Amino acid sequence: MASVSVAAEWQLLYSRYYRKPELYQMQWKHIDLSRNKVACAPLGGPIAIIRDDSKIVQLYAESALRKLRIYNSAGLHLSDTVWKHPGGRLVGMSWTEDQTLVCIVQDGTVYKYNIHCDLIEPNISMGKECFEQSVVDCVFWGNGVVCITESNQLFCIPDFANPQPCKLADPNLEEFPLCMAVIEPQYTMSGNVEVLVGVADHVLLVEEDGIQQVGDGIGPVQKMVVSRNGKLLALFTHDGRLLVVSTDFSKIIFEYNCESALPPEQLAWCGMDSVLLYWDDMLLMVGPYGDPVRYIYDEPTVLIPECDGVRILSNTIMEFLQRVPDSTVSIFKIGSTSPAALLYDALDHFDRRSSKADENLRLIRSSLPEAVEACIDAAGHEFDVSRQRTLLRAASYGQTFCSQFQRDRLQEICKTLRVLNAVRHHEIGIPLSIQQYKVLTPSVLVGRLINSHNHLLALRISEYLGMNQEVVIMHWACTKITASLSIPDAALLEVLLDKLRLCKGISYAAVASHADRNGRRKLAAMLVEHEPRSYKQVPLLLSIGEEDTALMKASESGDTDLVYLVLFHIWQKRPALEFFGTIQARPLARDLFISYARCCNHEFLKDFFLSTGQLQDVAFLLWKESWELGNNPMASRGSPLHGPRIKLIEKAQSLFTETKEHHFESKAAEEHAKLLRLQHELEVTTKQAIFVDSSISDTIRTCIVLGNHRAAMKVRTEFKVSEKRWYWLKVFALATIRDWDALEKFSKEKRPPIGYRPFVEACIDADEKGEALKYIPKLSDPRERAESYARIGMAKEAAEAASQAKDGELLGRLKLTFAQNTAASSIFDTLRDRLSFQGMS
Amino acid sequence: MAQLPYLDNAPVNLTSLRDQSQKELITILKNIRGKKCLVIDQKLGGSLSLIIQSSLLKEHGVELRHLAPEPIQTDCTKVIYLLRAQLDLMKFISSHIQSDIAKGIQREYYLYFVPRRSVACEKILEEEKVHHLLVVGEYPLYMVPMDEDVLSFELDLAYRECQVDGDTSALWHIAKAIHKLEFSFGVIPNVRAKGRASVRVADILSSMQAEEAVNSADMGVPEINTLILLDREVDMVTPMCSQLTYEGLVDEFLHVNNGSVELDASIMGVQQEGKKIKVPLNSSDKLFKEIRDLNFEVVVQVLRQKATSMKQDYREMTTTTQTVSELKDFVKKLNSLPEMTRHINLAQHLSTFTSKPSFLGRLDMEHTIVEAQSYDICFEYIEEMIHKQEPLVNVLRLLILFSVTNTGLPKKHFDYLRRELLHSYGFEHMATLNNLEKAGLLKKQESKSNWLTIKRALQLVVDDIDTANPNDIAYVFSGYAPLSIRLVQQAIRSGWRPIEEILKTLPGPHSEIKRGGFSSSPSFDALPGVPASADKVADGRRSLVLVVFIGGVTFAEISALRFLSAQEGMAYDLIVGTTKIVSGHTLAETFIEKSG
């Protein structure tokens, strides 16, 4: 049976099975891990290798130049660079979460590389003390590092994304510690990193603000390592004991006596269930119960802990040591009669056209769903493609006999496996297990793929999983630009547009700004042309110096805020005259500039108007300023400060005169100046500050009210006030002071040019019926007469006048006015009847 | 405090729109912890009162202040300015901060722009060297539901800014607001625009859709079927005439502000000397909803009828024996009593204005001008108004009406009237005249007027109007049918094509666009001129037309639109969007330069 061979490869550690499938034959040649410093990124990440400078160099065997090389997990060469940094020996190197390689040298400088061996500036310094004391050792975790100096001081960078070195509490050590381990900040109470330091016969727990002695009596610790969840600690003591304790040292979980007291070269957790110890040629897996498992290696290896196992890298192969998943065990365990195993067997029979297939199915009918589920799960955990296929076929076979089973489970796992198989291919070299894939998340995986320039695969995966492809295309476009220095702009543009079109709503502006940063301004200009969103396009156009296009685009967009943005930019950049010329050609920009300057910068606005020959606008500005001067409390009334005001107005007047079309304005300004002078004189003579800033009509009224008829007359003649207006003004003014005699006298001066209506109105408004009656009969229009009578409540007279006017509509309206008065309304009725009768005859 | 307008009967979900705005404001306030002083500018305060109750603000630890030149007196260490992005408001902030600095007061300052940040405003703050002291954010309030069928963009100065200053910020704002609506209610498939600003808004709207598309796929059928955009510039005649509907008259005489009117308490029959009370005017008041759009003449009759019938009921109640259910009906009727008294008081107060001879004379004159037959009489009337120094705004209204219907005044009269105006009201109004001239509202005659043609073609003057049972929109002005609404009527019925000749004689271009790819109900494609029944949306609701007035709309025009949508054979609900609800008064006021 096929299943026997599968289980034959497993090892049993107490009750649990472990397996160690080979992931890759390493593609590289002539790499000896023992002679190199090696940094392997978890989650199937890349491998960085550099010659260990503490080891002797073999003459002729390798180049004298020291090179940093980066490979993928299958040993495929990705990039290399010559290492020639000053600062002493390379102390440690590791990958951060975003796959940046960080290398710490003795003087405390941290160099960062991306996966392409490009140095990422700026370098980070661990600080002055590190520089002076020199770094001896360091421990990395996810995104941080702790290092120790020759003077036994501890320094830490908690997060490389925001590199701020800090010093931890002084552990007061006399000799260099035996070993160190780190509890990640996310697992500590304080939220800050805690460092475990093995000294003498105990362990110190060092924090930023204190130290604490723990693990008394454990004896000198040679090596220790913290589990992935930060809860357990594996220790190797001087007398060859392996201890697993909780990180607060409150209890010992288990203890194992090794045969040798020689500390292992490497110590690592395999998942949460077992600990691996590696000596020269032996790998020992120790679990809490039972005998450990031994593996023999005749070449050096590196252990790479993962969340669900350990990857083992040797010179020639990469393996993955993991606990066999329960579903797999249930299917392949020798002699297993679990439903899943029977289902798997049934498929085998079915393929061989044996009727036993049906027999098997009948046996497990009731537990078919769980059997299917187990096959699906096992397929997910499988690295071997043909075995994945068989398991999935078994699942699918079983599913056809299940009525209620979540069918998308199978689809989903197929999707996931396709992605996993694609990235596991040795060209890509990311050997993720399904569990690691879930930890990593698809979007981060896509991010890693584009970082390693596997854009096509990234695009296919995001398309396949229905994710937004914008990230991929955007990154591709930027990379393409960087890499295509020799391709001419037009050709490159075509290539780029071809791909950018794939993704609706992609930001052309972002690509363009990348092109600009790469010194391809022209390409940037061509790209930004395709950006539909003006609020992205315009700022970019400005940054690449295309102000005129920016102004045009901003105006077209109708977004005045963008126009302002461009406006201020150009204003700052260009000399005034050139600026004026630019905005004069664009009405919207010009008008907005004027609005802004009207609010805050009058002088500059005047310069603008002068430069464009809009003298009348300068004049309006000056005139406006004259009012502001008047409002200024410093320019108190009656003081000689009227001088400057008048000067401003006169200046405005002369500017109006210079332009042909503004005769009216010029005349008005002239009159205004004259009026101010005259009002000023009046204030002096009457000693009353009530004239300035009133209108001509008001000035006349005030004079009459004050009884100063000569002054009123003077104003009238100065400004050629028409007879009509003069009559209205004088009548109203006299009525205001209720000088009825003067009013009557005025009415008799001569026949008023506009009739007696002003007199009637003034009297009625002042509620002087008697006075009004003097003038009503003199009204020439009977309709007016009728209404005036009506207004003072004389219904009969009103009716008579209205009937004279032969106006039926008027009669009706008057009747309404007298609605309450029945006697009056009957008068109207009779009159109207008569009128309509007349009209008919 | 004043209640928020009742929106549950709105043809689209305006409540969600308002809730959204409310939530956004609360989020801003919540994010600034502790007690805080919220400083808002006066106008914005009015708009906010339609969005959120002031009690709700207090719940979030807010001390409310209005923006004023004087430094802010408060114990709060956190000051939040919530201001419209207007240049002239910035100097207040800088003077406040500088005064605090001088006094050694330390405060945290936040500035939230409505509706969005503005480069120009921030530039001023930078030049005043206070920008770095402010945390700047934005509160995207682009529109405010005024009533169940009215949205306001709250842009008081839009008309003046566009026409006089050439500042078209408002147009972007309007397009953005409509685009926001589309995010809630789907892409509006038909857009018809008339006027320079309207066509521009339609353009900006299209490019916004291109930049940031409303995903029509997951929207389903768009709720709004047609958008009609109309410039105020196209019809400046209507707002200059005195409105004669109930709501319009209230606005003309008492000035409706954000859906309420402020009155002396004595008018409303409350005996409290000198105290002002606020009367809310919106459709939550059932009686008001019934009478707001009627001609005022009719309103008086309706109120009288109602009062009489109630009196009769009361009499029956006291004399005859009643069943319990009859009693119940009676009590139900009694509940409407406060509304009745309110409107009777209000109507009585209004009639003191409407019965004045001066008002009647003015109405006569407006009609004479609109008739455009007796130039000299109109000219002399206006001349006399100036000589009598009647309130400037009243003069300007008639003058604009006169100039617009005549396409300007002959040079001699133009200069003469301007001179008389300056002499009577002061030379500071040179700037006012200049503004009006720039806006084309008071200008020199350069071509022959085509008002008569327009008037005839669109039947703007309707002689026999039965105001009680109107059969035409002309009832809102007792015989004049508003030009703007005639255009809307055409646009809804048959699109622009049949009246293209007339449109050309009105200011500005026009456009008609179809947008969006709607594979759904084919009835939308056959919109113009099809029988009404075909326009109904599948689920039986009537389809919806959004009419946007750029530069403002009057209550009378809204009434006319409501009248239209209530007509038989009209398959549309109408909803009005406007930069602001205006009257001739408020519109003319924006042109007056207050430099003196």
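The preceding data block contains the structure.
So, a few notes on the structure that sits alongside this text. (Residues numbered from 1 in each chain as written. Chains lettered and ligands numbered in written order. Predicted model: local features only at pLDDT ≥ 70, side-chain atom pairs only at ≥ 80, totals over all residues. Heavy atoms only, no water.)

## Remarks on the overall build of chain A
The test is simple: Going along the chain from the N terminus, every DSSP run of H or I of four or more residues is numbered as a helix, and every run of E of two or more is numbered as a strand. Note on method: radius of gyration uses C-alpha positions; expected globular size equals 2.2 Å times residues raised to 0.38. To sort residues, take the accessible area from a 1.4 Å probe on protein chains only and compare it with the maximum for the residue type: under 20% means buried, over 50% means exposed, and anything in between is partly exposed. Pairs of residues are marked as contacts when any of their non-hydrogen atoms sit within 4.5 Å. All accessible areas in this document rest on Shrake-Rupley with a 1.4 Å probe, and a residue is counted as covered only by the protein chains that are shown. When charges are counted, Lys and Arg contribute as positive and Asp and Glu as negative, whereas His and the chain ends are disregarded. Lysine's charge is taken at NZ, arginine's at CZ, aspartate's at CG and glutamate's at CD.
Summing up its helical and strand segments, chain A has 34 helices and 30 strands in all. Computed over its C-alpha atoms, the radius of gyration of chain A comes to 49 Å, more than 25% above the 28 Å expected for a compact globule of 841 residues. Taking the principal axes of the C-alpha coordinates as reference, chain A spans close to 140 × 75 × 60 Å. Within chain A, buried positions represent 53% of all 841 residues. Summarising the internal contacts of chain A: among those between residues at least 6 apart in sequence, 49% fall at separations of at least 24. Total accessible area computed for chain A in this model is approximately 39,000 Å², and 51% of it derives from carbon and sulfur atoms. The distance from the centre of the 94 positive side-chain charges to the centre of the 106 negative ones in chain A is 10 Å.

## Here's the deal with the pattern of salt bridges
This is how it is decided: Take a side-chain nitrogen of Lys or Arg and a carboxyl oxygen of Asp or Glu: if they are within 4 Å of each other, that pair is a salt bridge.
Throughout the structure, instances matching the rule amount to 83 salt bridges over all chains. Here Arg-725 of chain A ties to Glu-420 of chain B by a salt bridge, and the two come within 2.6 Å at their closest N and O atoms. In this pair, Arg-725 of chain A sits in helix H27 (residues 723–736) while Glu-420 of chain B sits in helix H18 (residues 411–425), so the two residues belong to two different chains. Accessibility classification places Arg-725 of chain A together with Glu-420 of chain B in one group, the buried group. The shortest N-O distance in the salt bridge between Arg-397 of chain B and Glu-252 of chain B comes to 2.7 Å. Residue Arg-397 of chain B is found in helix H17 (residues 392–405), and its partner Glu-252 of chain B is found in helix H10 (residues 246–254); the two are separated by 145 residues along the sequence. Like Glu-252 of chain B, Arg-397 of chain B is buried. By sharing partners, the salt bridges in this structure join Arg-757, Glu-761 and Glu-784 of chain A together with Glu-384, Lys-388 and Glu-390 of chain B into a single network.

## What to know about the interface of chain B and chain A
We count it as follows: For any pair of parts, buried area is found by adding up, for both, the accessible area (1.4 Å probe) each one loses once the two are put together. Pairing of N or O atoms within 3.5 Å defines a polar contact, subject to two protein rules: one partner must be a possible hydrogen donor and the other a possible acceptor, and residues neighboring in sequence count only if both atoms are side-chain atoms.
Contact with chain B, which involves 45 residues of that partner, is made by 50 residues of chain A. Here chain B packs against chain A, burying approximately 4,100 Å² in sum over the two surfaces, 54% of which is carbon and sulfur. If you sort the residues of chain B by the area they bury against chain A, Glu-211, His-423 and Phe-427 of chain B come out on top, with a joint share of 16%. There are 22 residue pairs in polar contact (both at pLDDT 80 or more) connecting chain B and chain A. Of all the elements in the fold, those that place two or more residues in the side of chain B that touches chain A are helix H5 (119–127), helix H7 (169–185), helix H8 (196–211), helix H15 (357–371), helix H16 (375–387), H18 and helix H19 (429–438) of chain B. The element that contributes the greatest number of residues to the side of chain B that touches chain A is H18 of chain B, accounting for nine residues.

## Topic: the pairing of strand S17 (residues 194–199) of chain A
Residues and elements named next belong to chain A. Stated formally: Strand pairing is defined by DSSP finding a minimum of two bridges between the two strands.
Within S17, six of the six residues are buried, leaving the element largely enclosed by the surrounding structure. Neither face of S17 is open: one carries Glu-194, Leu-196 and Gly-198, the other Val-195, Val-197 and Val-199, and all of them are buried. Relative to S17, strand S16 (residues 179–183) runs antiparallel, the two being bridged by five bridges. Bridging across to S17, Val-182 finds its partner in Val-195. With five bridges joining them, S17 and strand S18 (residues 202–207) adopt antiparallel strand pairing. Note on S18: the bridge partner recorded for Val-199 is His-202. Between S17 and S18, which pair antiparallel in sequence order, lie two residues; one of them, Ala-200, sits at a positive phi of approximately 40°.

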